[in-house]
Amino acid sequence: MSEPHDSAPADLSHVLRMWEDDEASRALGMDAVVIEVDHAVVRMTVTTEMVNGHDIAHGGYIFTLADSTFALVCNSRGHLTVAAGADITFVSSARRGDVLVAEGRARTAYGRSGLTDVTVTRESDGAVVAEFRGRSRQLR
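Computed from a prediction, not measured in an experiment: that's the story for all the values here.

(A) The arrangement of the packing of helix α1 (residues 13–20) against helix α3 (residues 59–75) in detail. Two elements in contact, α1 and α3, have axes separated by 9 Å at closest approach and are oriented at 155 degrees. Classed by the angle they form, the pair α1 and α3 counts as roughly antiparallel. Considering how the two elements wind past one another, α1 and α3 form a crossing that is right-handed. Contacts between α1 and α3 involve His14, Val15, Met18 and Trp19 from the first element and Ser68, Ala71, Leu72 and Asn75 from the second. Residue classes in the contact of α1 with α3 are distributed as five nonpolar, three polar and no charged.

Here's what the structure looks like:
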């Protein structure tokens, strides 16, 4: 995992602990390859269990990959933060064996709320599979 871009190293212990305890993401084989303040990259391979009746990746698994990445980004500043809502647009399909890469970045924060964008691409050719926008809320 990369170091944050800020001039002073950030304390990522909160988000690293959250990721370590994330049984759902681990069960799906997700690998966080970058965790920085306001930025994260997570990889996941589409398995046989993740394809639907059209023999393409089920949208729920793509959403889950984006949502897990979103969680890393919005918790990267050290505050307990949860999803308040999210939208996803599926751009192209993914197939069994494809490695998907989700890259998330914080867009803005206002009060205890924030917006985070996540782009999911297919690693082999860089094709965009989905665009996700998450709305977050810091808990007190």
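After that view, the rundown keeps rolling.
(B) Structural view of unusual backbone geometry. Even without being glycine, Asp38 reaches a positive phi, approximately 65 degrees. Looking at the element boundaries, Asp38 is found in the loop between β1 (31–36) and β2 (39–45). In this structure Asp38 comes out as partly exposed when scored by relative accessible area, which is 23%. One non-glycine residue, Asp55, lies in positive phi territory at about 65 degrees. Structurally, the position occupied by Asp55 is in the loop between β2 and α3. In this structure Asp55 comes out as partly exposed when scored by relative accessible area, which is 38%.

(C) Highlighting the sheet that holds strand β5 (residues 113–122). The strand order β1-β2-β4-β5-β6-β3 describes an open sheet built from six strands, whose pairing is antiparallel. This sheet does not close on itself; its edge strands, each paired only once, are β1 and β3 (81–90). For this sheet the average axis-to-axis angle between neighbouring strands, irrespective of direction, equals 20 degrees. Both β3 and strand β6 (residues 128–138) contribute to a ladder of nine bridges, which runs antiparallel. Each bridged residue has a counterpart across the sheet, and for Val82 the counterpart in β6 is Arg137.

(D) Fine view of the packing of aromatic side chains. By the definition in use, this model includes two aromatic pairs. For the pair Phe63 and Phe132, a centre-to-centre distance of 5.3 Å together with 65 degrees between the ring planes defines the contact as edge-to-face. Of the two residues, Phe63 sits in helix α3 while Phe132 sits in strand β6, which places them 69 residues apart along the sequence. Counting every residue linked through ring pairs, the aromatic cluster contains Phe63, Phe70 and Phe132.

(E) Main features of the nonpolar core. Leu65, Leu72, Leu100 and Val120 are the most contacted members of the largest nonpolar core, which totals 30 residues. Going through the elements one at a time, α1, β1, β2, α3, β4 (99–110), β5 and β6 are the ones with two or more residues in this core. With seven residues, the top contributor of residues to this core is α3. Sequence-distant contacts of Val120, that is, excluding residues within four places in its chain, are made with Ile62, Leu65, Ala66, Leu100, Val101, Ala102, Ala127, Val128, Val129 and Ala130.

(F) Molecular detail of α1. Those residues of α1 not exposed but buried are His14, Val15 and Trp19. Viewed end-on, α1 has its buried residues packed into an arc of 130 degrees, placing them on one side of the element. Where α1 is buried, its residues contact α2 (23–27), β1, β2 and α3.

(G) Main features of a nonpolar patch on the surface. On the surface, Leu80, Val82 and Leu139 cluster together to form a nonpolar patch covering roughly 230 Å² of accessible area. Mapped onto the elements of the fold, Leu139 is located in the segment after β6.

Calculation notes
Residues numbered from 1 in each chain as written. Predicted model: local features only at pLDDT ≥ 70, side-chain atom pairs only at ≥ 80, totals over all residues. Heavy atoms only, no water. Axes fitted to C-alpha atoms, helices over the stretch in contact; angles between N-to-C directions. Helix = DSSP H or I, 4+ residues; strand = E, 2+ residues; numbered from the N terminus. Parallel < 35°, antiparallel > 145°, perpendicular 65-115°, else oblique. Left-handed = near helix turned anticlockwise from the far one by under 90°. Contact = heavy atoms within 4.5 Å. Nonpolar A, V, L, I, M, F, W, Y, C, P; charged D, E, K, R; others polar. Buried < 20%, exposed > 50% of the residue type's maximum accessible area, 1.4 Å probe, protein only. Pairing = 2+ DSSP bridges. Phe/Tyr/Trp six-rings, centres within 6.5 Å; stacked < 30°, edge-to-face > 60°. Core = buried A, V, L, I, M, F, W, Y, C linked by side-chain atoms within 4.5 Å. Arc of directions from axis to C-beta. Patch = residues over 30% accessible without salt bridge, like charges linked within 9 Å, V, L, I, M, F, W, Y side chains within 5 Å. Areas by Shrake-Rupley, 256 points an atom, 1.4 Å probe, with all protein chains shown as cover. Salt bridge = Lys/Arg side-chain N within 4 Å of Asp/Glu carboxyl O.

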